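Residue-level listing of the chains:
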Amino acid sequence: MREIWLVLREQIKYFPVMLRLARYETRAKYKDHSLGVLWDVINPVMQIATYWLVFGIGLRQGGTTDGVPYVGWLVIGQATWLFLNTSFMDATWSIRNNVRQVSKMNFPISIMPTVRTWINVIPFAITLAVGVLIAVGSGVHLTMHAFQFVYYFLAMLAFLHALGIFNATITVLFPDYQQLIQTIMRFVFWFSGAVIDIAAKLGPDHARIGRLIELNPFYYLISGVRDSFLSTGWIWDHPSQNLAFWMFVLVVLLLGSHLHLKFRAYFADLV
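This is a predicted model, so every value here is computed, not measured.

Undergrad: An account of the overall build of the protein chain is requested, with residue identities and associated values reported.
TA: Tallying secondary structure elements over the protein chain gives 13 helices and two strands in all. Per-residue burial for the protein chain yields a buried fraction of 49% across its 271 residues. When contacts within the protein chain are restricted to residue pairs at least 6 apart in sequence, long-range pairs at least 24 apart make up 80% of them. Approximately 13900 Å² of the protein chain is accessible, and the part contributed by carbon and sulfur atoms is 67%.

This is the structure in structure tokens:
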């Protein structure tokens, strides 16, 4: 637990630095593009539109999921998945790609995975807002459930920090790990509930498999954001999922913090 606190203390102490780095990297990324940071919104919106055309109009032809219009269900889930997946993958290579530059600066390398998350927060907020507007336009009514989003957003930050520090450290030690993660995430996408709720589709005959899928942290977060804006459930409706999620975050954070503090003095020599 001491190692977790040491890494978290660095996140808190250098939080203003993280925000400045996030702004700088966002501007640098699009400095040669006429539309600039608008591409961070255009790209995910176009991806969501593609999935809506394929699944919402082509395969599903409208319909409902969990008692709400499918288009609203889809766009909110997709907006959340894109934020989680992009931040997750960006954090994985964040230390390996920046270790030499950061070693010459006056802030710890442990903040780099979190910087990648904050780079994606504003595009996520805009994309999610578009998704909520589409959901409302399709007949969804916002209720007090929407306040739950604060909890799920904090849960996303905790989840991304834990996995970020773990994955970024492992990638420095084993470069092939990043390629492995990319392959795994293509598989995880279909079990995340972003475009289709496989756990519900399995039915009572495969209830155990469905319950295992629901323990997937990506599924937990995406379902939670949907519950918030589609008014389909409360946080306390899923005690086993809540426990499994936070136990997962704690274990990964403990492992990631331990490995990071143990090996970070050697990062520059390993890259």
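Undergrad: Which residues make up the UniProt feature "transmembrane region" (unreviewed entry) in the protein chain, and what values go with them?
TA: Mapped onto the present numbering, the UniProt feature "transmembrane region" (unreviewed entry) falls at residues 37-58, 70-96, 117-137, 149-175, 187-203 and 243-261. Annotated as 100% helix and 0% strand, the span residues 70-96 places its first and last C-alpha atoms 40 Å apart. With 100% helix and 0% strand, residues 243-261 has end C-alpha atoms that lie 27 Å from one another.

Undergrad: I'd like a rundown of the environment of A162, residues and numbers included.
TA: Mapped onto the fold, A162 is located in helix 7 (residues 149-173). As a C-alpha pair, A162 and G256 span 94 residues in sequence and 6.8 Å in three-dimensional space. Leaving out residues up to four positions away in the same chain, A162 has contacts with V249, V252 and L253.

Undergrad: Tell me about the side chain of S228, and please be specific about residues and values.
TA: Residue position: S228 is located in helix 11 (residues 217-230). The class for S228 is buried, based on a relative accessible area of 0%.

Undergrad: Describe the environment of D227, and please don't skip the residues or the numbers.
TA: You can see D227 is positioned in helix 11. On the accessibility criterion, D227 (9% relative accessible area) is buried. Through-space distance from the C-alpha of D227 to that of F149 is 8.7 Å; in sequence the pair is 78 residues apart. In this view, D227 contacts H145, Q148, T232, G233 and H238; residues no more than four positions away in its chain are not counted. In this structure the side chain of D227 is engaged in a polar contact, spanning 2.6 Å, whose partner is the side chain of T232.

Undergrad: I'd like a rundown of the pattern of salt bridges, residues and numbers included.
TA: Overall, the coordinates contain two salt bridges when judged by the stated rule. Where E10 meets R264, a salt bridge forms, and the shortest distance between an N and an O atom there is 2.7 Å. One end of the pair, E10, is in helix 1 (residues 2-13); the other, R264, is in the loop between helix 12 (239-263) and helix 13 (267-270), and 254 residues separate them in sequence. For E10, a relative accessible area of 14% translates into the label buried. Residue classification places R264 among the partly exposed positions, given a relative accessible area of 25%. Linking R116 and D90 is a salt bridge whose minimum nitrogen-to-oxygen distance equals 3.9 Å. One end of the pair, R116, is in helix 5 (residues 112-119); the other, D90, is in helix 4 (residues 70-102), and 26 residues separate them in sequence. The same class applies to R116 as to D90, namely buried.

Undergrad: Can you break down unusual backbone geometry residue by residue, with the values?
TA: Phi angles above zero are rare outside glycine, and S231 is one such case at about 55 degrees. By secondary structure assignment, the location of S231 is in the loop between helix 11 and helix 12. Taking relative accessible area as the criterion, S231 reaches 23% and is therefore assigned partly exposed.

Undergrad: Describe in detail the packing of helix 11 against helix 12, supporting the description with residues and values.
TA: Following both chains from N to C, one finds helix 11 and helix 12 inclined at 125 degrees, their axes separated by 10 Å at the closest point. As summarised for this structure, helix 11 and helix 12 are arranged oblique, according to the angle between their axes. Where helix 11 crosses over helix 12, the handedness of that crossing is left-handed. Taken together, the residues of helix 12 that come into contact with helix 11 (itself represented by P217, Y220 and L221) are Q241, N242, F245, W246 and F248. A per-class count over the contact of helix 11 with helix 12 returns six nonpolar, two polar and no charged.

Criteria and cut-off values
Per chain, the residues get numbers from 1 upward, laid out in the order the sequence is written. Per-residue local features are limited, in this predicted model, to residues with pLDDT of at least 70; the limit for side-chain atom pairs, both in listing and counting, is 80 or more; totals at the level of whole chains, interfaces and linings are taken over all residues. Excluding hydrogens and water, the side-chain values take into account all heavy atoms of the structure. Each helix is a run of DSSP H or I of at least 4 residues and each strand a run of E of at least 2, with the numbering of both proceeding from the N terminus. Each residue is assigned to one of three classes by its accessible area relative to the maximum for its type, calculated with a 1.4 Å probe on protein chains only: buried under 20%, partly exposed between the two thresholds, exposed over 50%. Any two residues having at least one pair of non-hydrogen atoms within 4.5 Å are treated as being in contact. Residue burial considers only the protein chains on display, and all accessible areas are found by Shrake-Rupley using a 1.4 Å probe. UniProt positions are given in the numbering used here, feature names are shortened, and annotations may be inferred rather than shown by experiment. Here a polar contact means two N or O atoms within 3.5 Å. Within protein one must be a hydrogen donor candidate and the other an acceptor candidate, and residues neighboring in sequence count only if both atoms are side-chain atoms. By salt bridge we mean one thing: a side-chain nitrogen of Lys or Arg within 4 Å of a carboxyl oxygen of Asp or Glu. All axes here are fitted lines through C-alpha atoms, helices being fitted over the stretch that makes contact, and every angle between N-to-C directions spans 0 to 180 degrees. In this scheme, roughly parallel covers angles under 35 degrees and roughly antiparallel covers those over 145, while 65 to 115 is roughly perpendicular and the rest are oblique. We call a crossing left-handed when the near helix sits turned anticlockwise from the far one by less than a right angle, and right-handed when that turn is clockwise. Three categories are distinguished: nonpolar for Ala, Val, Leu, Ile, Met, Phe, Trp, Tyr, Cys and Pro, charged for Asp, Glu, Lys and Arg, and polar for the others, with Gly belonging to the last.

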